[in-house]
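# Secondary and tertiary structure notes
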Amino acid sequence: MSLTVYLHPLASYCQKALIALYENDTPFTPQIVDLGNAAERAALLKLWGIGKFPVLRDEARDQTIPESSIIIEYLDRHYPGRTRFVPADADLAWQTRLRDRFYDLYVHEPMQKIVNDRLRPAEKRDPFGVEEARARLQTAYGMIEQEMASKILANKSWAMGDAFTMADCAAAPSLFYANLVMPFGETHKHAAAYFDRLKARPSYARVLEEAEPYLKLFPT
């Protein structure tokens with residue numbers, strides 16, 4: 001098998017890449033990396049010096065591809081399937097990338113700030129930074145709510161309308177973990193309905209099933 005993905009099932013960005021792989025039934029070998037294991041961490045650092053996952057290794061093309069968005073675009077180009085993650089139309093493409101970045105930067109990133117703070121020793125915590133992160137998440141929730149309300153009025157289901165794209169791959173895990181740290185279901189009904197549609201998507205349902213045994217590690 002040509003493709004190997006270095007990942008952990010609990011990691012949001014790994015889930016984002018896995019959704020794309022499962023959407024198109026792309027054959028690959030998953031290589032779970034325990035960052036707490038010195039040998040496994042060293043192997044990942046040798047592959048990608050930043051030491052973060054996911055990382056895609058394509059032996060057939062002798063390419064190593066890090067970063068979830070780049071992995072998805074690489075798959076779209078070199079291993080295409082029934083789902084096209086970035087539209088061919090140039091204007092739709094940049095709009096898709098914008099939404100992808102929105103979910104990564106303005107939902108995932110503040111969520112991660114809150115989670116990381118929980119993992120710190122009490123004397124090292126950053127209440128002001130967490131307050132800022134919660135405010136940013138609240139702003140993002142409002143923007144998602146407004147956009148999804150307009151989508152429903154137009155009878156559209158996904159971030160870009162009718163088509164499931166890279167933006168939805170980014171949205172699913174970001175919203176999942178954000179909802180754990182700052183629930184939005186009772187206050188943002190259209191965002192919550194979109195999240196429900198994402199969870200019902202077979203590719204993401206599979207990702208959630210694979211992550212479930214590790215969820216006990218998520219700090220509450």
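Read on for a plain summary of the structure. (Residues numbered from 1 in each chain as written. Predicted model: local features only at pLDDT ≥ 70, side-chain atom pairs only at ≥ 80, totals over all residues. Heavy atoms only, no water.)

### Digging into the packing of aromatic side chains
- Scanning the model with the defined rule gives nine aromatic pairs in all.
- Here Tyr177 and Phe218 contribute two aromatic rings whose centre-to-centre distance is 5.2 Å and whose plane-to-plane angle is 25 degrees, an arrangement assigned as stacked. Taken together, the positions of Tyr177 in helix H6 (residues 166-181) and Phe218 in the segment after helix H8 (202-211) put the pair 41 residues apart, joining distant regions of the chain. The pair Tyr177 / Phe218 is uniform in exposure class, with both members buried.
- Here the guanidinium or amino end of Arg201 rests over the ring plane of Phe164, the centre of that ring lying 4.1 Å away. (Phe/Tyr/Trp six-rings, centres within 6.5 Å; stacked < 30°, edge-to-face > 60°. Helix = DSSP H or I, 4+ residues; strand = E, 2+ residues; numbered from the N terminus. Buried < 20%, exposed > 50% of the residue type's maximum accessible area, 1.4 Å probe, protein only. Lys NZ or Arg CZ within 6 Å of the ring centre and 35° of its normal.)

### What about the pairing of strand S3 (residues 55-58)?
- Along S3, one buried face is formed by Val55 and Arg57 and the opposite face, lined by Leu56 and Asp58, is buried too.
- Inspection of the sheet shows strand S1 (residues 3-7) paired to S3 by four bridges, in the antiparallel sense. For Leu3, the partnering residue across the bridge sits in S3 and is Asp58.
- Summarising the sheet, S3 and strand S4 (residues 63-66) pair through four bridges and their orientation is antiparallel. Each bridged residue has a counterpart across the sheet, and for Leu56 the counterpart in S4 is Ile65.
- The hairpin turn running from S3 into S4, its antiparallel successor, is four residues long, and Asp62 in that turn takes a positive phi close to 50 degrees. (Pairing = 2+ DSSP bridges.)

### Notes on the state of the cysteines
- Counted according to the given criterion, the structure contains zero disulfides.
- As a non-bridged cysteine, Cys14 has Cys169 as the owner of its nearest cysteine sulfur, 14 Å distant.
- The class for Cys14 is buried, based on a relative accessible area of 1%.
- With relative accessibility at 0%, the residue Cys169 sits in the buried group. (Disulfide = S-S within 2.5 Å.)

### Describing the pattern of salt bridges
- Per the counting criterion, the structure on display carries 17 salt bridges.
- For the salt bridge of Arg84 with Asp76, the shortest nitrogen-to-oxygen distance reads 3.8 Å.
- Salt bridges sharing common partners tie together Lys16, Asp100, Arg101 and Asp104. (Salt bridge = Lys/Arg side-chain N within 4 Å of Asp/Glu carboxyl O.)

### Topic: the sheet that holds S4
- Strand order in the open sheet made by the four strands is S2-S1-S3-S4, with mixed pairing throughout. Each edge of the open sheet carries a strand with a single partner, namely strand S2 (29-32) and S4. The sheet shows a mean angle of 20 degrees between the axes of neighbouring strands, direction not considered.
- Contacts from helix H3 (residues 68-78) reach S1, S3 and S4, with the element oriented near 135 degrees to S4. (Axes fitted to C-alpha atoms, helices over the stretch in contact; angles between N-to-C directions. Contact = heavy atoms within 4.5 Å.)

### Section: the nonpolar core
- Membership of the largest hydrophobic core comes to 64 residues, with the highest contact counts inside it found for Tyr103, Val107, Leu175 and Tyr194.
- Per element, the largest residue contribution to this core is eleven residues, and it comes from H6.
- Look past the residues within four positions of Tyr103 in its chain and what remains in contact with it is His108, Ile144, Met148, Ala167, Ala170, Ala171, Ser174, Leu175 and Tyr194. (Core = buried A, V, L, I, M, F, W, Y, C linked by side-chain atoms within 4.5 Å.)

### A closer look at the pairing of S1
- Within S1, four of the five residues are buried, which leaves the element mostly enclosed by the surrounding structure.
- Sheet topology note: the S1/S2 ladder contains four bridges and is parallel. By the bridge assignment for S2, Tyr6 is matched with Gln31.
- You can see the chain leave S1, run along helix H1 (residues 12-23) and come back into S2, and the turn it takes is right-handed. (Right-handed = clockwise from strand over helix to strand, strands pointing away.)

### Some details on the environment of Asp126
- Within the fold, Asp126 resides in the loop between helix H4 (90-119) and helix H5 (127-153).
- Overall, Asp126 belongs to the partly exposed group, its relative accessible area being 24%.
- For the pair Asp126 and Ser68, spaced 58 residues apart in sequence, the C-alpha separation works out to 28 Å.
- Residues in contact with Asp126, not counting those within four places in the same chain, are Lys113, Asp117 and Arg120.
- Of note is the side chain of Asp126, whose polar atom sits 2.7 Å from the side chain of Lys113.
- For Asp126, the side chain forms a polar contact with the main-chain nitrogen of Gly129, separated by 3.0 Å. (Polar contact = N/O pair within 3.5 Å; in protein donor to acceptor, adjacent residues only side chain to side chain.)

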